[in-house]
Amino acid sequence: LLKKDVWLSKQIGFNAYDLKKPLNLDFSDLEKKLFITLKMQNSKKKKISKAIKENFKFIDINYKFVKKIKKKKIITNQNISCQFSKLSDKEDILSIAKEAFKYSRFQIDKRIPKNIFNKIQSAWISNFFKGNRGTHLVVAKKNDITAGFLLIVAKNKKMLIDLIATSKKFQRIGVASSMINFAINNISFKNFEIEVGTQKKNRKSVKFYEKNGFKKKSELAVYHYLRLN
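Quick notes on the rules
Residues numbered from 1 in each chain as written. Predicted model: local features only at pLDDT ≥ 70, side-chain atom pairs only at ≥ 80, totals over all residues. Heavy atoms only, no water. Helix = DSSP H or I, 4+ residues; strand = E, 2+ residues; numbered from the N terminus. Rg over C-alpha atoms; globule rule 2.2 N^0.38 Å. Buried < 20%, exposed > 50% of the residue type's maximum accessible area, 1.4 Å probe, protein only. Contact = heavy atoms within 4.5 Å. Areas by Shrake-Rupley, 256 points an atom, 1.4 Å probe, with all protein chains shown as cover. Lys, Arg positive; Asp, Glu negative; His and termini not counted. Charge placed at Lys NZ, Arg CZ, Asp CG, Glu CD. Pairing = 2+ DSSP bridges. Expected span 1.5 Å × (residues − 1). Core = buried A, V, L, I, M, F, W, Y, C linked by side-chain atoms within 4.5 Å.

The subject of this paragraph is the overall build of the protein chain. The helix and strand tally for the protein chain stands at seven helices and 10 strands. Here the C-alpha atoms of the protein chain give a radius of gyration of 19 Å, agreeing with the 17 Å that 2.2 N^0.38 yields for 229 residues. Projecting the C-alpha coordinates of the protein chain onto the three principal axes gives extents of approximately 60 × 35 × 30 Å. Burial status across the protein chain gives 48% buried among its 229 residues. Taking the intrachain contacts of the protein chain between residues at least 6 apart in sequence as the baseline, contacts between residues at least 24 apart amount to 69%. A total of about 13,200 Å² of accessible surface is found on the protein chain, and carbon and sulfur atoms cover 48% of it. With 52 positive and 18 negative side-chain charges, the protein chain shows a spacing of 5 Å between the two charge centroids.

What follows deals with the pairing of strand β3 (residues 34–41). Across the eight residues that make up β3, a large majority, six, are buried. In terms of strand pairing, β3 meets strand β10 (residues 215–227) through eight bridges, oriented antiparallel. Bridging from a neighbouring strand, leucine 34 pairs with arginine 227 of β10.

Our focus in this paragraph is the pairing of strand β7 (residues 145–155). Side-chain positions along a regular strand alternate between the two faces of the sheet. Across the 11 residues that make up β7, a large majority, nine, are buried. Two elements, strand β6 (residues 136–142) and β7, share seven bridges in a ladder whose sense is antiparallel. Within β7, the residue paired with alanine 140 across the bridge is glycine 148. Between the end of β6 and the start of β7, which pair antiparallel, lie two residues, with asparagine 143 showing a positive phi angle near 55°. Where β7 meets strand β8 (residues 158–166), eight bridges bridge the pair, whose relative direction is antiparallel. When the sheet's bridge partners are listed, isoleucine 152 is paired in β8 with isoleucine 161.

Let's shift gears to unusual backbone geometry. Backbone geometry places aspartate 144, a non-glycine residue, at a positive phi of 65°. Tracing the backbone shows aspartate 144 in the loop between β6 and β7.

The end-to-end C-alpha separation of helix α5 (residues 114–129) is 23 Å, in line with the 22 Å expected for 16 residues at 1.5 Å each. Turning to α5, its buried residues number three or more, namely Ile116, Phe117, Ile120, Gln121, Ala123, Trp124, Ile125, Ser126, Asn127 and Phe128. Where the residues of α5 are buried, they touch α1 (6–12), α3 (90–99), α4 (105–108), β6, β7 and β8. Once α5 finishes, glycine 131 follows within two positions and takes phi at roughly 80°, a positive value.

Attention shifts here to the nonpolar core. Counting 47 residues, the largest nonpolar core has Ile36, Phe56, Leu150 and Ile194 as its most contacted members. Per-element tally for this core: the top contributor is helix α6 (residues 175–186), with seven residues. Other than its neighbours up to four places away in sequence, isoleucine 194 contacts Phe65, Val66, Lys67, Ile69, Met159, Ile161, Ile180, Ile184 and Phe214.

Following this line, the structure appears as structure tokens:
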């Protein structure tokens with residue numbers, strides 16, 4: 001029933017797993033330090049077992065949004081400069097990542113120590129520069145100051161927004177939409193689909209995607225099992 005998440009296990013320092021089906025587990029026989037993620041269709045949330053209800057904490061609903069793109073040149077915000085990142089952008093990107101993502105499932109779950117959350121976010125970004133995660137990393141600049149970043153996984157005519165964040169100093173001036181439009185204009189697919197996930201609690205993000213023509217594709221209820229000793 002459990003599939004090990006090797007990358008996450010490495011970041012948090014003990015074993016992390018994905019539970020593929022909301023079935024009964026023998027919790028008395030599990031490891032002393034353990035993290036398990038369960039994601040299931042929101043419509044089936046009422047069918048989870050008593051053992052899952054008693055041992056897992058409900059975190060939030062994860063919305064998946066999609067948008068179909070017919071390749072064409074999209075007009076971008078002239079006040080914001082976007083480009084593919086360089087190694088010299090790494091520290092600025094990490095700085096923005098530390099202040100963003102308060103609606104990440106790892107941030108919503110207050111049982112997870114802050115130092116573990118920070119390590120997860122830092123490793124996520126660092127892995128791009130190591131060639132281990134993502135295919136493209138876009139940065140946005142305003143007056144030569146890094147205003148945001150967008151991590152993309154592009155393959156099989158699908159563009160997945162893996163991470164996207166805007167600095168608190170540059171909110172609501174079109175940074176996020178500028179980065180997405182730059183990616184659309186510069187990643188060479190003819191007809192493709194953009195996919196992104198966000199949490200229900202992140203209302204600003206949900207409104208942003210709906211306003212920009214994204215359609216909700218699925219809703220997944222997210223649960224965590226956490227044992228720290």
